[in-house]
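# Reading the structure
Next come the chains, spelled out residue by residue.
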Amino acid sequence: MIVRILGEGQFDVPDADRATIEELGDVLTAAVDGHDEGAFTSSLAALIDAVRRTGTELAPDSFTSSDLVVPFSDATLAETQALLEEPGGERT
Amino acid sequence: MGVMKRMSGILQAKTNKLLDKAEDPRESLDLSYQKLLENLQKVRRSVADVTTAKKRIELQATQLQAQADKLQQQAKDALSQNREDLAREALARRAALAPQLADLQTQHQQVADQEQKLIVTAQNLQSQVDAFRTKKETMKATYTAAEAQTKIGEAVSGISESMGDAGMSVQRAQDKIDSMQARAGAMDELLASGALTDLANPVDDIQAQLDKVSATSTVDNELAALKAEIGAGTPAQLGPAEPEAPADSGEAPA
């Protein structure tokens, strides 16, 4: 599974670690939905740490699209919420 | 749906807009390459903008620091002239500058972080440009096979995604610079208007009082020297008298 961290690059995360990443993603989603700034910051940091730890960074010239996209490492909750209002980010 | 999937959708929506003009996959390769070059230029311009913003903050911090140092020196001068009241005033004004300096340092750190990120983004895009220039020609040559068509589609969407990411990084840096420039403008106005410079300018009221104290004591000393000359009948040395001048016996008017 290819995961992109915005502003940083793409990582190839092995299938064995997919569940870990998805669970951390759920915590992040709950923080965004619950408008919890503290939980947002800590869950984003945990998610990014897990992606970097389990994944292998792709070379910039690998030309592959990603399955999942993680916000900028220093993103704020407000900024992320505003971004999610943009086209393509609608909850379905 | 999770945040990561939604983010992915946003990036795709941005990149589809970039490339939906190309019908022929071969064309989409050339179009992607053009867009990639434009994107690289945009990121480089953004790096230059961020660097300019950083330098402006550095200049303001230098000016503020110079004013703080000047007030510190005035406090010392005041104390050496036994004017604790003036020293206290100078130190109070110096303390009032501290939060502004701290704010500038925070801003400086943020801009430096943005600059660093954009430099990495520019480097990554440059690698993509270099690799894609040859890869697109290879792909065009093998295009006849259906397999190649799929690969072109994948490469093009991968490239588009990187451009979408870079575009968002640039936008983000620009937003930060815009909000900082409003504050930097306000600080420039403060520095120019004298609201801050009046506090630390060499001709400010603290300095004026220090100069007055110093002038008074020089006059006192010279007056004492003249009195001594008349009293002793010998010529006295005029000029900036030493505090321990023999005639400085306290008879002089305060």
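What counts and what doesn't
Residues numbered from 1 in each chain as written. Chains lettered and ligands numbered in written order. Predicted model: local features only at pLDDT ≥ 70, side-chain atom pairs only at ≥ 80, totals over all residues. Heavy atoms only, no water. pLDDT = per-residue confidence, 0-100. Contact = heavy atoms within 4.5 Å. Salt bridge = Lys/Arg side-chain N within 4 Å of Asp/Glu carboxyl O. Helix = DSSP H or I, 4+ residues; strand = E, 2+ residues; numbered from the N terminus. Core = buried A, V, L, I, M, F, W, Y, C linked by side-chain atoms within 4.5 Å. Buried < 20%, exposed > 50% of the residue type's maximum accessible area, 1.4 Å probe, protein only.

## Considerations on the confidence of the model for chain B
Residues and elements named next belong to chain B. Mean pLDDT over chain B stands at 80; residues scoring 70 or higher make up 81%. The low-confidence segment residues 247-252, where pLDDT is below 50, has 8 contacts with residues more than four positions distant or belonging to other chains. For this predicted complex, the interface score ipTM comes out at 0.92, alongside a pTM of 0.73.

## What about the interface of chain A and chain B?
Counting residues at the interface gives 39 residues for chain A and 34 residues for chain B. At the junction of chain A with chain B, the criterion picks out 6 salt bridges. Among the ionic pairs, Arg-172 of chain B bridges to Glu-79 of chain A, the shortest N-O distance being 2.4 Å. Mapped onto the side of chain A that touches chain B, the elements with two or more residues apiece are strand E1 (2-5), helix H1 (18-33), strand E4 (68-70) and helix H3 (77-84) of chain A. Take the side of chain A that touches chain B: its biggest share by element is 6 residues, from H1 of chain A.

## What about the nonpolar core?
Among the nonpolar cores identified, the biggest contains 43 residues, and Leu-36, Val-43, Leu-118 and Phe-132 of chain B are the most heavily contacted of them. Among the secondary structure elements, those contributing two or more residues to this core are helix H2 (25-80), helix H3 (84-141), helix H4 (146-193) and helix H6 (205-232) of chain B. Judged by nonpolar contacts, the second largest core, of 30 residues, contains Phe-11, Ala-50, Phe-72 and Leu-84 of chain A.

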